Amino acid sequence: DSGVTQTPKHLITATGQRVTLRCSPRSGDLSVYWYQQSLDQGLQFLIQYYNGEERAKGNILERFSAQQFPDLHSELNLSSLELGDSALYFCASSVAGTSEETQYFGPGTRLLVL
Amino acid sequence: DQQVKQNSPSLSVQEGRISILNCDYTNSMFDYFLWYKKYPAEGPTFLISISSIKDKNEDGRFTVFLNKSAKHLSLHIVPSQPGDSAVYFCAARPYGGATNKLIFGTGTLLAVQP
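All figures in this text were calculated on a predicted structure; none of them were measured in a lab.

**Brief notes about the environment of B:S28**
Residues and elements named next belong to chain B.
Then, number 1: Mapped onto the elements, S28 comes out in the loop between strand 3 (19-25) and strand 4 (30-38).
Then, number 2: Look at S28 and you get partly exposed, because its relative accessible area is 48%.
Then, number 3: Taking the C-alpha atoms as reference points, S28 and K71, 43 residues apart in sequence, are found 7.6 Å from one another.
Then, number 4: Side chain to side chain, S28 and K71 meet in a polar contact 3.4 Å long.

**Topic: the packing of aromatic side chains**
For any two aromatic rings, the description comes down to two numbers: the centre-to-centre distance and the angle of the planes.
Then, number 1: On inspection of all chains with the given rule, the structure shows 13 aromatic pairs over all chains.
Then, number 2: Look at B:F30 and B:F33: their rings are 6.1 Å apart centre to centre, the planes differ by 80 degrees, and that puts the pair in the edge-to-face class. Of the two residues, B:F30 and B:F33, both sit in the buried class.
Then, number 3: Among the aromatic residues, ring-to-ring pairing joins A:Y35, A:F45, A:F90, A:F105, B:Y36, B:F46, B:F89 and B:F104 into one connected group.
Then, number 4: Its guanidinium or amino end placed over the ring of A:Y104, A:R26 lies 3.7 Å from that ring's centre, counting from NZ or CZ.
Then, number 5: The lysine or arginine in question, A:R55, covers the ring of A:Y50, its NZ or CZ lying 4.3 Å from the ring centre.

**A look at the state of the cysteines**
Then, number 1: By the definition in use, this model includes 2 disulfides over all chains.
Then, number 2: Two residues, A:C23 and A:C91, share a disulfide whose sulfurs are 1.8 Å apart. Its torsion about the S-S bond being -50 degrees, the disulfide of A:C23 and A:C91 is classed as left-handed. One end of the pair, A:C23, is in strand 3 (residues 19-24); the other, A:C91, is in strand 9 (residues 87-94), and 68 residues separate them in sequence.
Then, number 3: The class of A:C23 is buried, set by a relative accessible area of 0%.
Then, number 4: Covalently, B:C23 is tied to B:C90 through a disulfide, its sulfur atoms 2.0 Å apart. On the sign convention where negative is left-handed, the bridge of B:C23 and B:C90, at about -70 degrees about the S-S bond, is left-handed. With B:C23 in strand 3 and B:C90 in strand 9 (residues 86-94), this residue pair connects regions lying 67 residues apart in the sequence.

About the criteria used
- Residues numbered from 1 in each chain as written.
- Chains lettered and ligands numbered in written order.
- Predicted model: local features only at pLDDT ≥ 70, side-chain atom pairs only at ≥ 80, totals over all residues.
- Heavy atoms only, no water.
- Helix = DSSP H or I, 4+ residues; strand = E, 2+ residues; numbered from the N terminus.
- Buried < 20%, exposed > 50% of the residue type's maximum accessible area, 1.4 Å probe, protein only.
- Polar contact = N/O pair within 3.5 Å; in protein donor to acceptor, adjacent residues only side chain to side chain.
- Phe/Tyr/Trp six-rings, centres within 6.5 Å; stacked < 30°, edge-to-face > 60°.
- Lys NZ or Arg CZ within 6 Å of the ring centre and 35° of its normal.
- Disulfide = S-S within 2.5 Å.

Structure representation (structure tokens):
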């Protein structure tokens, strides 16, 4: 158990819908990362937050947005869902989000868009 | 554009023998390389890392080798155990900035046969 929790574990929805994925970092970690793993792909970095502020952005679609709240949990919002958004979404956390820190991953949320 | 590549989707090894997992990268602007292990229905777990200024790092049964001129790194597991059966991801961190974002390969499924 990494100490990072993600809810829900599974999500099935329809195209055009909007969903929210939730992540709680390890106790004491200030930085949160979101990654997407599509079928037969590696994990693709989406976005990083540190203490409520956006720190880095990857190839995150405009239909996707995220935020980190004062209690440090984070939410990833996916809207106007398409079939291709079906994937595993992982959240990770680290203490400060800077060099050489180990990222600890949650178990992921599996999203299926029908 | 896949900057970190794991060209072997799977590898099968006998228990007690050496497992060698390979990873190639195309971008010289990485300063840190990591290996993560992933079991089904769990998030990736950090295994071992190496700085770009080193060519070898060892931790128990796990050794990572870095060949900068060939832009290649490998993970050696000796001796392999059935519990090592998992998907192994190679990851790299770009130089500079205040972010710790990682770029992942597509993973290699290791099966250790008893």
